[in-house]
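Residues per chain, in single letters:
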Amino acid sequence: MPQLAFSRRAALRGLGAVGLPAVLTGCGVPAAYVPEGRRGGPDRSERDRSVTFSNWPLYIDTDDEDETRRPTLEAFSEQTGIEVRYTEEINDNDEFFGKVSPALMNRQETGHDLVVVSDWMAARFVHLGWAQKMDRSAQSNVARHLDPQLRSPAFDEGRLHTVPWQSGITGIAYNRRALGREIKSVKDLWQPDLAGRVTLFSGLDESYALLMQGDGVDVTAWTESDFHRMCDRVEAMVKKRHIRRFTGNDYTSDLGKGDVLACQAYSGDAIQLQADNPDIEFVVPEEGAELWAESLLVPNLARHKANAEALIDHYYAPEVAAELAASVNYVCPVPAAREVLAGSDDRETAELAENPLIFPDDGMRRRLAVARDISSAERRSLAKRWNAIVGL
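Criteria and cut-off values
- Residues numbered from 1 in each chain as written.
- Predicted model: local features only at pLDDT ≥ 70, side-chain atom pairs only at ≥ 80, totals over all residues.
- Heavy atoms only, no water.
- Helix = DSSP H or I, 4+ residues; strand = E, 2+ residues; numbered from the N terminus.
- Rg over C-alpha atoms; globule rule 2.2 N^0.38 Å.
- Buried < 20%, exposed > 50% of the residue type's maximum accessible area, 1.4 Å probe, protein only.
- Contact = heavy atoms within 4.5 Å.
- Areas by Shrake-Rupley, 256 points an atom, 1.4 Å probe, with all protein chains shown as cover.
- Core = buried A, V, L, I, M, F, W, Y, C linked by side-chain atoms within 4.5 Å.
- Salt bridge = Lys/Arg side-chain N within 4 Å of Asp/Glu carboxyl O.
- Axes fitted to C-alpha atoms, helices over the stretch in contact; angles between N-to-C directions.
- Parallel < 35°, antiparallel > 145°, perpendicular 65-115°, else oblique.
- Left-handed = near helix turned anticlockwise from the far one by under 90°.
- Nonpolar A, V, L, I, M, F, W, Y, C, P; charged D, E, K, R; others polar.
- Phe/Tyr/Trp six-rings, centres within 6.5 Å; stacked < 30°, edge-to-face > 60°.
- Expected span 1.5 Å × (residues − 1).
- Bend = angle between axes of the 7 residues up to and from the residue.
- Polar contact = N/O pair within 3.5 Å; in protein donor to acceptor, adjacent residues only side chain to side chain.

> Can you break down the overall build of the protein chain residue by residue, with the values?
A tally of helices and strands in the protein chain yields 17 helices and 10 strands. Here the protein chain has a C-alpha radius of gyration of 21 Å; the compact-globule value for 392 residues is 21 Å, and the two agree. Projected onto its principal axes, the C-alpha positions of the protein chain cover 65 × 60 × 35 Å. Burial status across the protein chain gives 56% buried among its 392 residues. A separation threshold of at least 6 residues defines the contact pool for the protein chain, and within that pool the share at least 24 residues apart is 78%. For the protein chain, the accessible surface area stands at approximately 16,300 Å², while carbon and sulfur atoms represent 47% of it.

Laid out in structure tokens, this is it:
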């Protein structure tokens, strides 16, 4: 299974807890924002048939007999003649941001044509003007097949600068057999029989949406008052020692060993947890859950923008999206891939089409929402409040 939650949904740290604009203002450095018309450079796609694609480890399909081979990338190169220089160099959103931000801030190329970052980090790139607008006329598959629920996040209306690579859900995982009851609501986490047996995510961007939804908040348009009301509840539970601890991806170990009975969790991890222990269940609460994505973007001054756009569109062909989904097991951003998997001659592959954690059904979708991102103006004070509760 891809280790998505180990780092791709990691907590904010260091610079990320404040945001680059605030730091630059404090240092007297000129604004880093790059206007739309100044983001592109000479595109060498026609004369240099290559593209540099940087992704996270274990986040693409591989050949069963040779893990160094990536069938969907090889198929793209065979069809187009474009060589893909693929690297698994993104291990942490903030670490990667720190690596490329000096070049982007100084209007220099990064050496990357295409990268994948979590949407809260993609929001930072978009707000800073560090992601190029894509040519949708050259991306017919994206225009036709992109999941409607992911088409227009608040940080990038119309998805002009980003395209989801894979998606996922932040919900609740619990051991039903050990707990002896169902969990249907976020409020169920606060029941007395779970005292000391609950964990929440430590990362601000990973945790706040689901907890606000538990208070009945519309997370597409939440306010600071909503945030602080949620924090008051969590802080009270910390003081009661109801919350065992705040975690990163190590929540999977706590749940697997039985140290906790219920926790915030990612849908992609749940599939593996259930394979190891059929008593583990993943819940999209009655109040709703957060639908998130990790997205592709083309950084400013990329040398092979057209080639990068062609590669993105390749992954939105339903047959290719199905092959990728069957390998990584996260929410597929191409709903049409479901029919492809359903028609597979392999029984296990065909069964993936019926898994709501890969292709959410209508009932689940009605409870999913893409949360409004935290603005740079809000981040300093909200991170300070949250980190004080978590102990960061």
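Read on for the rest.
> Before we move on, could you go through the nonpolar core and cite the residues and values that matter?
Counting 122 residues, the largest nonpolar core has Phe53, Tyr208, Phe227 and Trp386 as its most contacted members. Tallying contributions element by element places helix H5 (residues 119-128) first for this core, with 7 residues.

> Now, about the pattern of salt bridges: what can you tell me, with residues and values included?
For the coordinates displayed, the defined rule picks out 26 salt bridges. As a salt-bridge pair, Arg177 and Asp279 come within 3.9 Å of each other at their nearest N and O atoms. Placement of the pair is Arg177 in helix H7 (residues 176-179) and Asp279 in the loop between helix H11 (267-276) and strand E8 (280-283), with a sequence separation of 102 residues. Since its relative accessible area comes to 68%, Arg177 is described here as exposed. A salt bridge links Arg372 to Glu378; its shortest N-O distance comes to 3.1 Å.

> How would you explain the packing of helix H3 (residues 71-80) against helix H12 (residues 305-314) if you had to name every residue and give the values?
At a minimum axis separation of 11 Å, H3 and H12 run at an interaxial angle of 125°. Considering the angle they form, H3 stands oblique to H12. By crossing handedness, the relation of H3 to H12 is classed as right-handed. Residues Thr72, Leu73, Ala75, Phe76 and Gln79 of H3 touch H12, and the partners they reach there are Asn307, Ala310, Leu311 and His314. Residue composition of the contact of H3 with H12, by class: 5 nonpolar, 4 polar and no charged.

> Can you tell me about the packing of aromatic side chains, naming the residues and giving the values?
In total, this model carries 15 aromatic pairs according to the counting rule given. Measuring from ring centre to ring centre gives 6.3 Å for Tyr59 and Tyr330, while their planes differ by 85°; the resulting arrangement is edge-to-face. Residue Tyr59 is found in the loop between strand E1 (50-54) and H3, and its partner Tyr330 is found in the loop between helix H13 (318-328) and helix H14 (337-342); the two are separated by 271 residues along the sequence. Overall, Tyr330 belongs to the buried group, its relative accessible area being 0%. Their ring planes at 20° and their centres at 5.8 Å tell us that Phe97 and Trp130 sit as a pair that is stacked.

> Could you give an account of the environment of Gly98, with specific residues and numbers?
Relative to the elements of secondary structure, Gly98 occurs in helix H4 (residues 93-105). Along the primary structure Gly98 and Leu204 are separated by 106 residues, whereas in three dimensions their C-alpha atoms are 19 Å apart.

> Explain the environment of Pro42 to me, and be specific about the residues and the numbers.
Mapped onto the elements, Pro42 comes out in the loop between helix H2 (20-27) and E1. In this structure Pro42 comes out as exposed when scored by relative accessible area, which is 70%. With 263 residues separating them in the primary sequence, Pro42 and Lys305 have C-alpha atoms 9.2 Å apart. Apart from the residues within four sequence positions on either side, Pro42 is in contact with Ala302 and Arg303.

> Could you give an account of H4, naming the residues involved and the relevant values?
Helical geometry: 3.6 residues make up each α-helical turn, so side chains three or four residues apart lie on a common side. For H4, spanning 13 residues, the distance from its first C-alpha to its last is 17 Å, which sits close to the expected 18 Å at 1.5 Å a residue. Taken as a whole, H4 carries its principal kink of about 35° at Lys99; the proline Pro102 stands between one and four residues after it. Within H4 the residues assigned to the buried category are Asn93, Asp94, Phe96, Phe97, Val100, Ser101, Ala103 and Leu104. Where H4 begins, the side chain of Asp92 points an oxygen toward the backbone nitrogen of Asp94, at a separation of 2.9 Å. Arg107, located one to two residues past H4, shows a positive phi value of around 60°.

> Provide a residue-level description of the packing of H4 against H5, including the pertinent values.
At their nearest, the axes of H4 and H5 sit 11 Å apart, and the two run at 15° to each other. As judged from the angle between their axes, H4 and H5 are roughly parallel. Read as a crossing pair, H4 and H5 show a hand that is right-handed. Seen from H4, the contacting residues are Asn93, Asp94, Phe97, Val100 and Leu104; seen from H5, they are Trp120, Met121, Arg124, Phe125 and Leu128. Within the contact of H4 with H5, the residues separate by chemical class into 7 nonpolar, 1 polar and 2 charged.

> Any chance you could break down unusual backbone geometry for me, citing the residues and the numbers?
Of note in this structure, Arg107 is not a glycine but carries a positive phi near 60°. Mapped onto the fold, Arg107 is located in the loop between H4 and strand E3 (114-118). At Leu301, a residue that is not glycine, the phi angle is positive and equals roughly 65°. Looking at where Leu301 falls in the secondary structure, it is placed in the loop between strand E9 (289-297) and H12.

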